[in-house]
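Geometric and topological summary
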Amino acid sequence: MEQKERESWGSRIGFIMAAAGSAIGLGNIWRFPYLTGMNGGGAFIVIYLACVFFIGLSIMLAELTVGRRTHLAAVGAYKTNSKSWTFAGVLGVLSGFMIMGFYPVVGGWSMAYIVKSFTGLLSNPAAVGDAFGAFIGDPIQPLIWTVLYMLINVYIVARGVTKGIETAGKILMPMLFGLLIIIIIKGLTLTGSSSGLSFLFVPDWSVVNGNTFLAALGQAFFSLSLGMGCMITYGSYLNKQEKLPQNALIVVTMDTCAAILAGLALFPALFAFGLEPTAGPGLVFVVAPQIFAGMGGFGMIFSAFFFLALMIAALTSSVSLLEVVVAYLMDERKMSRKSAVYGTSVVMLILCVLSSLSLGVMSKATVLGVGAFDFFDILTDKIFLAIGGMLLAIFAGWFLKKEDLRDELTNGGTLKFGLFEAWYIMIKYVIPVLIGIVAFVGITSIAQKGLMIFGLLVIVVLAAFSKKL
Ligand code: PHE
């Protein structure tokens, strides 16, 4: 074959930082705290952790295995096995587009808030909520930030796997953990912060229902970057010496730590200041500045640090989302990296404009009951990722040879992986059934039924036309 040699990660730590960078993002710092707040705290965290370690970890391993085995990004990896499976990869690419239809908007907000930390945001704590509402509803301001944010993504991804994505991850991830720890120490020293700790760690089971499980499962997939071929793509750049099980465990653990750290950074201080934990998606942007405003002169610096951390985390994730689509266009449509990056980001930017405007001037323009922002968010988080993960499990468990999987996971038999049989049973039987149940219970108990049915229809139609994709 006259193919160019495939790019690969420059070093082990480079891969881990990039994969952890993909996983750790707005999902951990923006969404995990507000979901925890809205779903009652500790109980949600316990269910979330169960989803992460029982389902997420096995799927992470499966994605990396499939990616490295085929050395192809999501669509190609499925397609080499059978064209009837192409749709599962295409669903991933579609999810990538849709997540990138709102993610850079929130990334742009965090960039804006770094600057706003110094320009009076904290001077009137009571007005922070209204200021946030006015800011995200503005037709121009957030768009400028979204474009800026997107340009940084384009710059990184256009530079390629090692020079761009890997370098960014290696520098930015350690910085993020450092920043979070500084904020936590500050928050824990406030009087009254201990009720935040009990909110986080003492489960109240009375608040749990079908929705809680779907929220936790969706969040596990979103946060670990699973169910859309991202880890297949990153796995495809891994060399044959890497130990997959160990790498999967490290990435999952780091992601979980980042979420818990974000919770620890917010809730103790939030309770210390007597604020409400149920603020929803505005939690970070409304509550955090109020917390910082109460910290006196250093508040501004802490606030800027915090939003910088948020932006950094978002960046290493959106870069991976963009990479999924770019890798598909390079592998399957033979486009050059640069034109794939430019073309893709223009489309994503258009979706972002719709999302951003849906929070303000276009709030009346709804499809199936929701605006563009929620449309992309709910469809991916509540349906596409979980079903994408389920499809991957079925694909690996039932359509790939068990011996091939064992060979890949043990590096051709040179590596011991004692849990292989247990993992295989999880992937083949347990996970498809579990996701099926949670998806069914969740989807039937959710408010946006029309949207759910639409999402499932999209998957069915893609599957029906799989061979033509
Ligand atoms: N995991 C990222 C986050 O937590 C989001 C993401 C989802 C990235 C899916 C890639 C693929 O913010």
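Let me begin by describing the structure that accompanies this report. Just so it is clear, the model here is predicted, and its values are computed rather than measured. (Residues numbered from 1 in each chain as written. Predicted model: local features only at pLDDT ≥ 70, side-chain atom pairs only at ≥ 80, totals over all residues. Heavy atoms only, no water.)

A separate point is the site of the ligand. Residues in close proximity to the ligand total 14 residues, the closest being Ala 23, Gly 27, Tyr 103, Phe 222 and Ser 225. The separation between an oxygen atom of the ligand and a polar main-chain atom of Ala 23 is 2.8 Å. Here the ligand has 330 Å² of accessible area as a free molecule, and 100% of this is covered by the chains. For the shell around the ligand, the secondary structure elements donating two or more residues are α1 (12-23), α2 (26-38), α11 (210-223) and α15 (299-333). Along the lines of polarity and charge, the residues of the shell around the ligand split into 6 nonpolar, 8 polar and no charged. (Near = heavy atom within 4 Å. Polar contact = N/O pair within 3.5 Å; in protein donor to acceptor, adjacent residues only side chain to side chain. Areas by Shrake-Rupley, 256 points an atom, 1.4 Å probe, with all protein chains shown as cover. Helix = DSSP H or I, 4+ residues; strand = E, 2+ residues; numbered from the N terminus. Nonpolar A, V, L, I, M, F, W, Y, C, P; charged D, E, K, R; others polar.)

Residue placement: Asn 247 occurs in helix α13 (residues 244-272). You can call Asn 247 buried: its relative accessible area is 0%. (Buried < 20%, exposed > 50% of the residue type's maximum accessible area, 1.4 Å probe, protein only.)

Turning our eyes to something else, we now look at the packing of aromatic side chains. By the definition in use, this model includes 29 aromatic pairs. Their ring planes at 50° and their centres at 5.4 Å tell us that Phe 102 and Phe 373 sit as a pair that is tilted. Of the two residues, Phe 102 sits in the loop between α5 (86-99) and α6 (103-116) while Phe 373 sits in helix α17 (residues 372-399), which places them 271 residues apart along the sequence. The same class applies to Phe 102 as to Phe 373, namely buried. An aromatic cluster of three or more residues is present, and its members are Phe 102, Trp 109, Tyr 113, Phe 132, Phe 135, Phe 285, Phe 292, Phe 306, Phe 307 and Phe 373. One residue, Arg 31, lies across the ring of Phe 222, its end atom 4.2 Å from the ring centre. (Phe/Tyr/Trp six-rings, centres within 6.5 Å; stacked < 30°, edge-to-face > 60°. Lys NZ or Arg CZ within 6 Å of the ring centre and 35° of its normal.)

To continue, consider the pattern of salt bridges. According to the stated counting rule, one finds 13 salt bridges in the structure shown. A salt bridge links Asp 381 to Lys 382; the shortest N-O distance between them is 3.6 Å. The same class applies to Asp 381 as to Lys 382, namely buried. Between Lys 402 and Glu 421 there is a salt bridge, and its shortest N-O distance comes to 2.9 Å. Here Glu 421 lies in helix α19 (residues 420-445) and Lys 402 lies in helix α18 (residues 402-409), a separation of 19 residues in the sequence. On the basis of relative accessible area, Lys 402 is assigned to the partly exposed category, the value being 28%. On the basis of relative accessible area, Glu 421 is assigned to the partly exposed category, the value being 37%. Taken together, the shared-partner salt bridges connect Arg 68, Arg 69, Lys 240, Asp 404, Asp 407 and Glu 408 into one network. (Salt bridge = Lys/Arg side-chain N within 4 Å of Asp/Glu carboxyl O.)

Glancing now at the packing of α2 against α13. Orientation of α2 relative to α13, taken along the N-to-C sense of each, is 65°, at an axis distance of 9 Å. Of the two possible hands of crossing, α2 and α13 adopt the one that is right-handed. Every residue of α13 that contacts α2 at Asn 28, Ile 29, Phe 32, Pro 33, Thr 36 and Gly 37 is listed here: Asp 255, Ala 258, Ala 259, Ile 260, Ala 262, Leu 266 and Phe 267. Here the residues of the contact of α2 with α13 are counted per class, giving 9 nonpolar, 3 polar and 1 charged. (Axes fitted to C-alpha atoms, helices over the stretch in contact; angles between N-to-C directions. Left-handed = near helix turned anticlockwise from the far one by under 90°. Contact = heavy atoms within 4.5 Å.)

Turning next to the side chain of Ser 303. Within the secondary structure, Ser 303 sits in helix α15. With near-sequence residues (within four places) excluded, Ser 303 lies in contact with Ser 117, Leu 122 and Phe 292.

This next bit is on a nonpolar patch on the surface. Together, Phe 118, Ile 182, Phe 298, Met 300, Ile 301 and Phe 305 line one region of the surface with nonpolar side chains, adding up to about 570 Å² of accessible area. With 3 residues, the single largest contributor to the nonpolar patch is α15. Following the sequence through the fold, Phe 305 ends up in helix α15. In this structure Phe 305 comes out as partly exposed when scored by relative accessible area, which is 31%. (Patch = residues over 30% accessible without salt bridge, like charges linked within 9 Å, V, L, I, M, F, W, Y side chains within 5 Å.)

With that out of the way, let us pick up the packing of α13 against helix α14 (residues 283-293). Packing of α13 against α14 leaves a shortest axis separation of 10 Å and a crossing angle of 60°. As judged from the angle between their axes, α13 and α14 are oblique. When the axes of α13 and α14 are compared, the crossing they make is left-handed. Judged by residue contacts, Leu 266, Phe 267, Ala 269 and Leu 270 of α13 engage Leu 283, Val 284, Val 287, Ala 288 and Ile 291 from α14. Across the contact of α13 with α14, the residue classes tally to 9 nonpolar, no polar and no charged. (Parallel < 35°, antiparallel > 145°, perpendicular 65-115°, else oblique.)

Note that every value here comes from positions in space, so none of it alone points to a role or purpose.
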